[in-house]
Protein chains: 2
Amino acid sequence: MKSLGNLGVSAARIEDDIAALAAITDPDRPYTRRAFTPRHAEGRDYLRRRFEAAGLATTIDASGNLIGRRPGASPGRGTIMLGSHSDTVPDGGRFDGIAGVIAALEVARALHDGGIALDHDLEVVDFLAEEVSIFGVSCVGSRGMAGVRPPEWLSRRQGDQTLEQGIAEAGGDPHQVARREDVAAFLELHIEQGTVLEAAGLDIGVVTAITGIARIEIVLEGRADHAGTTPMGRRRDALVAAARLVTAIEAEATRLAAGPRYFAATVGEFEMLPNAANVVPSHVRLLIDARSQDAGDLADFSAAIEAHADALAEATQVSIASRRISDAGAVPMDAGVVSALDDAVGAIGATGCRLASGAGHDAAFLARISRAGMVFVPCRDGRSHAPEEWAETDAIALGAAVLLKTVQTLDTQGKGQADGSHSG
Amino acid sequence: MKSLGNLGVSAARIEDDIAALAAITDPDRPYTRRAFTPRHAEGRDYLRRRFEAAGLATTIDASGNLIGRRPGASPGRGTIMLGSHSDTVPDGGRFDGIAGVIAALEVARALHDGGIALDHDLEVVDFLAEEVSIFGVSCVGSRGMAGVRPPEWLSRRQGDQTLEQGIAEAGGDPHQVARREDVAAFLELHIEQGTVLEAAGLDIGVVTAITGIARIEIVLEGRADHAGTTPMGRRRDALVAAARLVTAIEAEATRLAAGPRYFAATVGEFEMLPNAANVVPSHVRLLIDARSQDAGDLADFSAAIEAHADALAEATQVSIASRRISDAGAVPMDAGVVSALDDAVGAIGATGCRLASGAGHDAAFLARISRAGMVFVPCRDGRSHAPEEWAETDAIALGAAVLLKTVQTLDTQGKGQADGSHSG
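Numbering of residues starts from 1 in every chain and runs along the sequence as written. All chains are assigned letters beginning at A, and all ligands numbers beginning at 1, according to the order in which they are written. Reporting in this predicted model follows two pLDDT cut-offs: at least 70 for local features of residues, and 80 or more for side-chain atom pairs to be given and counted; totals over whole chains, interfaces and linings ignore these cut-offs and use all residues. The side-chain figures draw on all heavy atoms in the structure; neither hydrogens nor water molecules are used.

1. What about the packing of helix α7 (residues 238–257) of chain B against helix α8 (residues 295–316) of chain B?
All names here are of chain B. Put simply, the rule is: Comment: axis = line fitted to C-alpha atoms, over the contacting stretch for helices; angle = value between 0 and 180 degrees taken between N-to-C directions. Strands here are runs of E lasting at least two residues and helices are runs of H or I lasting at least four, both read from the DSSP assignment and numbered beginning at the N terminus. In these notes the angle categories are as follows: under 35 degrees is roughly parallel, over 145 is roughly antiparallel, 65 to 115 is roughly perpendicular, and the rest is oblique. Here is the rule for handedness: rotate from the far helix to the near one, and if that takes an anticlockwise turn smaller than a right angle the crossing is left-handed, while a clockwise turn gives right-handed. Every residue pair with non-hydrogen atoms within 4.5 Å of one another is taken to be in contact. Gly counts as polar in this scheme, as do all residues outside two lists: the nonpolar Ala, Val, Leu, Ile, Met, Phe, Trp, Tyr, Cys and Pro, and the charged Asp, Glu, Lys and Arg.
With their axes 10 Å apart at the nearest point, α7 and α8 run at an angle of 155 degrees to one another. Taken as axis vectors, α7 and α8 run roughly antiparallel relative to one another. Crossing geometry of α7 relative to α8 is assigned as right-handed. Where α7 abuts α8, its residues Ala241, Arg244, Leu245, Ala248, Ile249, Glu252, Ala253, Arg255 and Leu256 lie against Asp297, Asp300, Phe301, Ala304, Ile305, His308, Ala309, Leu312 and Thr316. For the contact of α7 with α8, the class distribution of residues is 11 nonpolar, two polar and five charged.

As structure tokens, this is what we get:
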């Protein structure tokens, strides 16, 4: 890996902050610091102190996001924002989201240490409740900042607490519509949660797009015959039909993945009835999770699966019905920001590649209100959402160095330069 | 269907008895009359009265079986026994088991009406607890009569009742070893619980063998990667591997079923973990229910599945482990009895075929202590173990006529003629 030498960032500071936050967890379930729980507030207290120690003016916005601000030299120029999230899933890791908040903070510290003035204001953000929280929804803070948090979410309830109360208790103002209009660019560092970088031995992934996530539910109905007395060839076995469909789903996804754009599809949910040893299966429900960076690829996939299902239903006399449960479209990252990140990787002597993000991130919502970009750093074995999650401090520091360089490049660009041309 | 004309049996009596027993059910759950419950005792009271009305000396044996006896002309000649079971599964039908008890009773009534004396003693039997009962085991009474009821079963418990108590309350003597040595031949009529006879438009199925039932458990272990970020081709998806195995299981079973002997295999149980939309499946457990009338076919099948599993594990890097959970061997019916049943079908002018029984029956245990045979009658759509179960009264009566003729044929055969030769 590239030596951190004189890149301006401190791996030691990053390591200290990550370790300090790792200690703020439900003790029996490392690492658990869910949004809307006292542990999260404890983590926020730590972050607030560190933001303030870095000279940032620290507030909570109406959407419940923790923001540390460093004013720029040219008021009204706009804001360059960096950040991620400090909340975890239950039994999660120490790096997912946290690495991005700390890397953002480190950029602010490096600018300060280097006496580097920016024209734009700089903000470091810990977005509220990025992970699916106790209220069952995700990216609460970033949706709020982008002005697209659904109003009906406020009444979502867990026990005797509503999301409305949770946002208020986090210091937000849930009834204030809070779309930011001043964010010129947004950068997020995140662990890859995959194995592409590790397998290729690369330092940095420059994210080209956050894939859309479509969920397709398929229900197969056969007939619950006696498994002993019903001859082969006289059955309507829903599992046999489902098995052929699962094979087809994998084949179609692999076909699209071999093309130029990211594509993945997984049958993550699968239930069979009646699930008795001596009864031919009569019912299967399965759920496909399809990730695509292109609506055309998703349509291709859906049409191919429908065609397989129709042929299968005909051949097996098992009825097959599918429906699209949800469909969050792909979000491309800003082309100019992607270029600037690429250039920064090369400028600091690191190795990298472009890749799509198969997981959702706050950046997907920031892309609605700014020119957004993301960088990935390698994580061991791709493991995430588990205590085994691991990223090297030096890898995160290298990522912070890429962000630092890119911030400076973007600072020389103003509003109106959205075509990606940039000087320096 | 063959007219019942002058065959000696009464469809009307059969219909009355079946209707009367159908009325003895948990009222909310037709048709439910489980062994070791008061409803079953109520059904037994009805049967006892009908046995006695037919002139049978009625007792409960040590194994809890209800027996109606008609002494023969030659004491010590042996017993020709007919019967089935009156207990049902929950939400079961009116014919499974019951048709056989009533058909057996009708044979006794027809012999009486016709003034036909037999050399052998004749017994009509309602075996105790043929279906899987509240104690979780099946064929309790027939195993007892064959002397093979496992002693440890007596302590099986449901709530505050043991099987030992259940047998005693049914009138048996659970500690008496009660293997019968005097049964020359046993005949059981049962609904087919399949669709072969109905589809072929045939009256009677002469059962050649009761298939063995083998249960094979297979566990597949992959890796629970993030469904979004893990590229196709870098996964160890246990469901994708399991789907290919299910397809192979169906293909191998179909191959064997196309041969000269009955074969069926069903994946009746299937569970997948973690079963979350955005996680690649890491674990599948499936259970194969394999029915075969030949141990060689079962070995062929097992070996073929093992070979598929080995190749699949290699190709997918998903580990696959299988183990034989249980294996009840096939039970051939007596060749001479099968011939006699065939001849009887022809003699009364009915149509029939030979076929294997894919389901277990009391006859499987009676085959250990006698020359055993079974006949099937068609049931609508093969439906069984459900209130929709239906067999025509005339079909049952025709089956009773076949049994009646066969009893007379077998009566002319004595012990020592087990090679199947018979006069008349």
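Still to come is the rest of the account.
2. Side note on the side chain of Thr79(B)
Residues and elements named next belong to chain B. Note the threshold: Only protein chains enter the area calculation, which uses a 1.4 Å probe; residues under 20% of their type maximum are buried, those over 50% are exposed, and those in between are partly exposed. Polar contacts, as counted here, are pairs of nitrogen or oxygen atoms within 3.5 Å of one another; within protein the pair requires one atom able to donate a hydrogen and one able to accept it, and residues that are adjacent in sequence qualify only if both atoms are side-chain atoms.
Summarising the element assignment, Thr79 is placed in strand β3 (residues 79–85). For Thr79, a relative accessible area of 1% puts it in the buried group. Only 2.6 Å separates the side chain of Thr79 from the side chain of Asp182, close enough to count as a polar contact. Apart from residues lying up to four places away in sequence, Thr79 is in contact with Arg69, His120, Asp121, Glu123, Arg180, Asp182, Val183, Ala184 and Ala185.

3. So, the interface of chain A and chain B
This is how the line gets drawn: Buried area counts how much accessible surface, traced with a 1.4 Å probe, disappears from two parts once they are put together, with both parts' losses summed. Salt bridges, as used here, are contacts in which a Lys or Arg side-chain nitrogen is within 4 Å of a carboxyl oxygen on Asp or Glu.
Between chain A and chain B, the residue contacts involve 52 residues of the former and 52 residues of the latter. Taking both partners together, chain A and chain B bury about 4000 Å²; carbon and sulfur atoms supply 59% of that area. When residues of chain A are sorted by the area they lose upon contact with chain B, Thr229(A), Met232(A) and Ala277(A) head the list and together hold 16% of the total. Taken together, chain A and chain B are joined by zero salt bridges.

4. Digging into the sheet that holds strand β11 (residues 283–292) of chain B
Residue and element names in this part refer to chain B. Short version of the rule: DSSP bridges decide pairing: two strands pair if at least two such bridges lie between them.
The sheet built from four strands is open, its strands ordered β10-β11-β9-β12 with antiparallel pairing. The two strands at the open ends of the sheet, each matched to only one other strand, are β10 (263–273) and β12 (319–328). Looking at each pair of strands side by side, their axes are set apart by 15 degrees on average, direction ignored. The pairing of β10 with β11 spans 10 bridges and is classified as antiparallel. Across the sheet, residue Ala264 finds its bridge partner in β11, namely Arg291.

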